[in-house]
Every structure is written in structure tokens, then in C-alpha cells.
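Each chain, written out:
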Amino acid sequence: MISTDDYLYFAGRALGGMAGIVAELGDDLANTRPPLPGANTPYALLTHCLGVVEFWSGSLVAGRSVIRDRDAEFVAAGPVAALITEASAVQKRLESDVRGAEPQAALRGRPPESFQGPDRELNRGGALMHVYEELAQHHGQMEIMRDAIRAMA
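Residues numbered from 1 in each chain as written. Predicted model: local features only at pLDDT ≥ 70, side-chain atom pairs only at ≥ 80, totals over all residues. Heavy atoms only, no water.

Trainee: Just give me the short version of the pattern of salt bridges, but keep the residues and values in it.
Mentor: Taken as a whole, this structure holds 10 salt bridges when the rule is applied. For Asp5, the salt bridge is made with Arg99, and the minimal N-O distance between the two is 2.9 Å. Highlighted residues: Asp5 in helix H1 (residues 4-30) and Arg99 in helix H4 (residues 80-99), separated in sequence by 94 residues. For the salt bridge of Glu95 with Arg99, the shortest nitrogen-to-oxygen distance reads 3.2 Å. Of this pair, Glu95 and Arg99 both sit in helix H4, four residues apart, roughly one helical turn. When salt bridges that share partners are traced, they join Glu54, Arg64, Glu86, Arg93 and Asp97 into one network. (Salt bridge = Lys/Arg side-chain N within 4 Å of Asp/Glu carboxyl O. Helix = DSSP H or I, 4+ residues; strand = E, 2+ residues; numbered from the N terminus.)

What follows is the structure, given as C-alpha cells:
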């Protein structure tokens, strides 16, 4: 099984990679939608990923009270500096959540069906794998978005 340190390394690379892309693009380009069907902005995608981490790890694994507006994540916009600061705080909470997790224990709640998570029951370890799944896939997506935005800028 994967170690806690290895999990945090790979999850951190994905989350840090997205935060780095948003920082690199800056306020204007990070809030630009690339010319791809159904695309979000990098800012909105990072906001969504922070919501994923907070809900799945913070609420369902660690038991914190988390209020999440998933739909609002996809239309979020604003200055990059505050989002980067929030990403750093979320990454620190994720580390704490993972280090304190009981992977085989039941989730501390049920995700709403509208959150489009895995289509089967998960334990806390499964929820953390879903967090990694989301971070990894959206990091790759954001790399493509960055390239498309740069090409049109």
C-alpha cells in the first residue's frame, strides 16, 4: 500500500503544480477561459480542486464542518494572490488530514450525488484516493488550458 509520505508527495505535486500555473498566468490570464468546448478558467479549476480537497478530505475523512458550493467553484474569479494563499492553507490541512486518517474507517458523512464522486461506497482511504484522482486529472487539464491560453494571448 502507498505510504502517507508518498501520497502527500504526489498529491502535493498536483496541487502545487496547479497553483504554480495559476500564479504564472497572473490575474488576467488565470481568469481567461481557453478556446476549448466547455472549458473553465484556470482560476475556477483551482478553486474547484480546493473545494474537492476540503470536502472529501476535510469533511468526509477528518470530520470538519465544510460548506461547499460546487457550482460556484466553476465560475469563481478574482485575484491570484489570495487563491494561491488559500491553496497553500488547503495543502497544509490535507497533510494533517492524511496523517490523521484511518484509511479503513467509514466516511464521516455521505457525499451528495451531485458532487459526481465515485459510484460506490468508499472508506476514508477511498475518499483520499478520490482526492488524488481529482488533483491529478485536473492538473493535467490545467497544463493543456495554460498552453491554449498562452497560444491565444
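Trainee: Report on a nonpolar patch on the surface, specifying residues and quantitative values.
Mentor: There is a patch of nonpolar side chains on the surface, built from Met1, Ile2, Tyr9 and Phe10 and spanning about 510 Å² of accessible area. For Met1, the position within the fold is in the segment before H1. For Met1, a relative accessible area of 99% puts it in the exposed group. (Patch = residues over 30% accessible without salt bridge, like charges linked within 9 Å, V, L, I, M, F, W, Y side chains within 5 Å. Areas by Shrake-Rupley, 256 points an atom, 1.4 Å probe, with all protein chains shown as cover. Buried < 20%, exposed > 50% of the residue type's maximum accessible area, 1.4 Å probe, protein only.)

Trainee: Outline the packing of H1 against helix H5 (residues 124-152), supporting the account with residue identities and numerical values.
Mentor: Close contact between H1 and H5 brings their axes to 9 Å; oriented N to C, the two are set at 30 degrees. Classified by the angle between their axes, H1 and H5 sit roughly parallel to one another. Like other packed secondary-structure pairs, H1 and H5 cross with a definite hand, here left-handed. (Axes fitted to C-alpha atoms, helices over the stretch in contact; angles between N-to-C directions. Parallel < 35°, antiparallel > 145°, perpendicular 65-115°, else oblique. Left-handed = near helix turned anticlockwise from the far one by under 90°.)

Trainee: Before we move on, can you summarise the nonpolar core with the specific residues and values?
Mentor: Counting residues in each nonpolar core, the largest one holds 39 residues, and the members touching the most others are Leu46, Trp56, Leu94 and Leu135. Listing elements by their share of this core, those giving two or more residues are H1, helix H2 (42-59), H4 and H5. With 11 residues, H1 is the largest single contributor of residues to this core. Apart from the residues within four sequence positions on either side, Leu135 is in contact with Ala11, Ala14, Leu15, Met18, Cys49 and Val53. (Core = buried A, V, L, I, M, F, W, Y, C linked by side-chain atoms within 4.5 Å. Contact = heavy atoms within 4.5 Å.)

Trainee: A description of the side chain of Arg124 should follow, citing residues and the corresponding values.
Mentor: One can find Arg124 in helix H5. As a buried residue without a salt bridge, Arg124 has its nearest oppositely charged side chain in Glu102, at a separation of 4.0 Å. Excluding residues that lie within four positions of it along the chain, Arg124 makes contacts with Leu60, Val61, Glu102, Pro103, Ala105, Ala106, Leu107 and Arg108. (Lys, Arg positive; Asp, Glu negative; His and termini not counted.)

Trainee: Describe H1, with residues and values.
Mentor: Under the 1.5 Å per step criterion, the end-to-end length of H1 is only 31 Å for 27 residues, more than 12% shorter than the ideal 39 Å. In the structure, H1 departs most strongly from a straight axis at Glu24, where the bend amounts to approximately 65 degrees. (Expected span 1.5 Å × (residues − 1). Bend = angle between axes of the 7 residues up to and from the residue.)

Trainee: Could you give me a rundown of the packing of H2 against H4, with the residues and numbers involved?
Mentor: Any two packed helices are characterised by the angle at which their axes cross and by the distance between the axes. Direction vectors running N to C along H2 and H4 enclose 25 degrees, while the axes themselves pass 10 Å from each other. With respect to each other, H2 and H4 are oriented roughly parallel. Classified by chirality, the crossing of H4 by H2 is left-handed. Residues Tyr43, Leu46, Thr47, Leu50, Val53, Glu54, Ser57 and Gly58 of H2 form the contact with H4, whose own contacting residues are Val80, Leu83, Ile84, Glu86, Ala87, Val90, Arg93, Leu94 and Asp97. Along the lines of polarity and charge, the residues of the contact of H2 with H4 split into 10 nonpolar, three polar and four charged. (Nonpolar A, V, L, I, M, F, W, Y, C, P; charged D, E, K, R; others polar.)

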